[in-house]
Amino acid sequence: MTAEQLSKLWAFARGDIAEISFEKWFLGQNDLEAPLGEGLHWSLASADYRDRDVVWKLRKSLAQHLGAHEKCECASIRDLAAIPMGGDGLDERVFATIENVRDHGGDIWWLHLSKCSECGQHWMIAQEERIFDQYFLRRISDKVAEGVLAGTWPDEFITYERVLNIGNTFATPCVFSDAMSGSLIWSAEELRKARPEITVDETARSLGVTSKNANRLLRANGS
Ligand SMILES: [Zn+2]
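Throughout this document, residue positions are counted from 1 along each chain, in the order its sequence is written. Confidence filtering applies because this is a predicted model: local features only for residues at pLDDT of at least 70, side-chain atom pairs given and counted only at 80 or more, and all residues used for totals across whole chains, interfaces and linings. Hydrogens and water molecules were not included; the side-chain quantities draw on all heavy atoms of the structure.

**Observations regarding the side chain of Arg130**
- The way it works is that DSSP assigns letters per residue, a run of H or I at least four long becomes a helix, a run of E at least two long becomes a strand, and they are numbered from the N terminus. Structurally, Arg130 is set in the loop between β4 (122-128) and β5 (134-140).
- Burial classification: accessible surface area is computed with a 1.4 Å probe over protein chains only, and a residue below 20% of its type maximum counts as buried, one above 50% as exposed, and the rest as partly exposed. Classification of Arg130 as buried rests on a relative accessible area of 18%.
- For the purposes of these results, a polar contact is taken to be a pair of N or O atoms within 3.5 Å, where, inside protein, one atom must be able to donate a hydrogen and its partner to accept one; residues adjacent in sequence count only when each atom of the pair is a side-chain atom. A polar side-chain atom of Arg130 sits 2.9 Å from a polar atom in the side chain of Glu190.
- Contacts were defined at the residue level, with two residues in contact if any of their heavy atoms lie within 4.5 Å. Residue contacts for Arg130: discarding those within four places in its chain leaves Trp109, Tyr160, Phe176, Ser183, Trp186, Ser187 and Glu190.

**Comments concerning the confidence of the model for the protein**
- Confidence scores here are pLDDT values: one per residue, from the predictor, ranging 0 to 100. Across the protein, the average pLDDT comes to 94, with 99% of residues at or above 70.
- Element-level pLDDT for the protein is lowest in helix α11 (residues 211-220), with a mean of 92, against a maximum mean of 98 in helix α7 (residues 142-149).

**Brief notes about the pattern of salt bridges**
- The rule for a salt bridge is simple: a side-chain nitrogen of Lys or Arg has to be within 4 Å of a carboxyl oxygen of Asp or Glu. Evaluation of the coordinates by the stated rule reveals 11 salt bridges.
- The residue Glu19 makes a salt bridge to Arg59 at a minimum N-O spacing of 3.6 Å. One end of the pair, Glu19, is in helix α2 (residues 19-27); the other, Arg59, is in helix α5 (residues 52-67), and 40 residues separate them in sequence.
- For Arg59, a relative accessible area of 16% corresponds to the buried category.
- As a salt-bridge pair, Glu73 and Arg93 come within 3.8 Å of each other at their nearest N and O atoms. On the criterion of sequence distance, the pair formed by Glu73 in the loop between α5 and β1 (80-84) and Arg93 in helix α6 (residues 90-95) is long-range, its members being 20 residues apart.
- Put simply, Arg14, Asp16, Arg78, Asp79 and Arg139 are held in one network by salt bridges that share partners.

**Details of the packing of aromatic side chains**
- The rule is short: rings of Phe, Tyr and Trp, with Trp giving its six-membered ring, pair when the centres are within 6.5 Å, and they are stacked under 30 degrees, edge-to-face over 60, tilted in between. One pass over the structure, following the stated rule, counts 12 aromatic pairs.
- For the ring pair Phe22 and Tyr49, a centre distance of 6.1 Å and an interplane angle of 50° mean the geometry is tilted. One end of the pair, Phe22, is in helix α2; the other, Tyr49, is in the loop between α4 (38-46) and α5, with 27 residues separating them in the sequence.
- Feature note: the residues Phe12, Phe22, Trp25, Phe26 and Tyr49 constitute an aromatic cluster, connected by ring pairs.

**Notes on the sheet that holds β1**
- Pairing between two strands is assigned when DSSP locates at least 2 bridges connecting them. Ordered by their spatial adjacency, five strands build an open sheet running β1-β5-β4-β3-β2, and the pairing between neighbours is antiparallel. The open sheet terminates on both sides in strands that have one partner only, identified here as β1 and β2 (98-105). Geometrically, the sheet is characterised by an average inter-axis angle of 30° between neighbouring strands, direction not taken into account.
- In this sheet, strand β3 (residues 108-116) lies alongside β2 in antiparallel orientation, the contact comprising six bridges. Following the sheet pairing, Gly105 is matched in β3 by Ile108. For helices, the axis comes from a line fit to the C-alpha atoms of the stretch in contact; other axes are also lines fit to C-alpha atoms, and the angle between any two N-to-C directions lies between 0 and 180 degrees.

**Here's the deal with unusual backbone geometry**
- Positive phi outside glycine occurs at Asp133, with the angle close to 55°.
- We classify Asp133 as partly exposed; its relative accessible area is 33%.

**Here's the deal with the coordination of the zinc ion**
- Distances define the donors: N, O and S atoms within 2.8 Å of the metal qualify, as do those within 3.2 Å of Na, K or Ca. Water is excluded, so some sites may look unfinished. Bound to the zinc ion on the protein side are Cys72 (SG), Cys74 (SG), Cys116 (SG) and Cys119 (SG), at distances that span 2.3 to 2.4 Å.
- Between 85 and 135 degrees for all angles marks four donors as tetrahedral; over 155 degrees for opposite donors together with 65 to 115 for all other angles marks four donors as square planar and six as octahedral; every other arrangement is irregular. Each of the four donor atoms bound to the zinc ion contributes to angles spanning 102 to 117°, and the resulting shape is tetrahedral.
- Of note, the zinc ion draws all its donor residues from one chain, in the sequence arrangement C-x1-C-x41-C-x2-C.
- By relative accessible area, which is 2% here, Cys74 ends up buried.

**Regarding the domain arrangement of the protein**
- Where a domain begins and ends is set by an automatic assignment or by a domain database. Segmenting the protein into domains produces domain 1 (3-67), domain 2 (74-170) and domain 3 (182-220).
- A separation of 44 Å is found between the C-alpha centroids of domain 1 and domain 3.

**Structural notes on the environment of Val54**
- Of note, Val54 is situated in helix α5.
- Classification of Val54 as partly exposed rests on a relative accessible area of 29%.
- Residues Val54 and Leu44 lie 10 residues apart in sequence; the distance between their C-alpha atoms is 10.0 Å.
- Discounting residues that sit within four places of it in the chain, Val54 has contacts with Ala47 and Asp48.

This is the structure we're talking about:
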């Protein structure tokens, strides 16, 4: 199996490539039966890719088959992914090999560049431990990573507001028993500092609180 074939198979297994375009590509490959095994190969070649349950099972079996040969989790992580802190231990498995290379630093405390010591994959990581308790990961090319080392970070996680908005597409914000918790007050302050014209409703959406609460949080910071 070539590196390109492996990369395409993984992209399908983790959900980073559309079903129909994968099917088309797969049917054009004529040397994958041996590496995949007859059963899995037949399933991939004959499946109804419009059936979501079928596709879900295919992705799972393929990931299992490919994962048996991997020494790290990188290939199975989506190009843009959210990994919960704690929980079922996925973060421990992922970060067993992904190591910090560069902190952005300064006001942008959440942002890091990391690299996997097994496969060499670079990841841009936003570590969000106030509102979501998640790591957000973006797979980046070596070229983009070089840019980061030279001081040019991609925009995706560059503001706290962007990170929170990405968080909202993956997960529900933590529910705070204290509506005026420090994490919420600091985060509201951070959002307004970065973008003074942010509205109360936008702040509320980003933090997963009511507009009334967002208003109090912003006022707590002295406006
Ligand atoms: Zn890796």
